[in-house]
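An overview of the molecular structure
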Amino acid sequence: MIAKTPNPPYYAVIFSNLRTEVGEGYEEMAAEMVRLAELQPGYLGHESVRDGLGITVSYWANLDSIKNWKANTDHLIAQKFGREKWYSAYKTRIALVERDYEFGI
């Protein structure tokens, strides 16, 4: 699904990653992170796809919301497991969305 975001400006956190062969617990943790993110003040939505390379883009109202999500206790645990067993590499980018437009939504 394409996330329904408000009129700009807002922020996008782009998480690109490569998985390891370890899958145990990953799907459950990913689902829990979505559930928790949706409860965070400032969360606007997300989009995610995996075809070898995984890319998740989450949308946030402001930089403080992103900072608070990164520091969330359960999210910190997920980050630790990600580094230790689920990801062989990842990169996170934070971007200000100044303009967007759509078709067919």
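Everything numeric in this text was worked out from a predicted model, so none of it was measured.

1. Comments concerning the sheet that holds strand E1 (residues 10-19)
The strands making up a sheet associate through hydrogen bonds between their backbones, and the pairing can be parallel or antiparallel. Across the sheet, which stays open at both edges, the four strands sit in the order E2-E3-E1-E4 with antiparallel pairing between neighbours. The sheet is open, and its two borders are formed by strand E2 (43-51) and strand E4 (87-97), each paired with just one other strand. Looking at each pair of strands side by side, their axes are set apart by 15° on average, direction ignored. Relative to strand E3 (residues 53-60), E1 runs antiparallel, the two being bridged by eight bridges. Bridge pairing in E3 links Ala 12 to Tyr 59. Against the sheet, helix H3 (residues 73-86) touches E1 and E4, its axis set at about 140° to E4.

2. Considerations on the layout of surface pockets
Considering only enclosed or pocket space, the largest pocket measures out at about 1,000 Å³ in volume. Counting only elements with at least two residues in the lining of the largest pocket, the list comes to E1, helix H1 (26-39), E2, E3, helix H2 (63-70), H3 and E4. Tallying contributions element by element places H1 first for the lining of the largest pocket, with seven residues. Taken together, the residues of the lining of the largest pocket sort by class into 20 nonpolar, ten polar and five charged.

Calculation notes
- Residues numbered from 1 in each chain as written.
- Predicted model: local features only at pLDDT ≥ 70, side-chain atom pairs only at ≥ 80, totals over all residues.
- Heavy atoms only, no water.
- Pairing = 2+ DSSP bridges.
- Helix = DSSP H or I, 4+ residues; strand = E, 2+ residues; numbered from the N terminus.
- Axes fitted to C-alpha atoms, helices over the stretch in contact; angles between N-to-C directions.
- Contact = heavy atoms within 4.5 Å.
- 1 Å grid on protein atoms, 1.4 Å probe; cavity = no way out; pocket = protein on both sides within 12 Å on 5 of 7 lines; lining within 4 Å.
- Points joined across faces, edges and corners; volume = space filled by probe spheres on them.
- Nonpolar A, V, L, I, M, F, W, Y, C, P; charged D, E, K, R; others polar.

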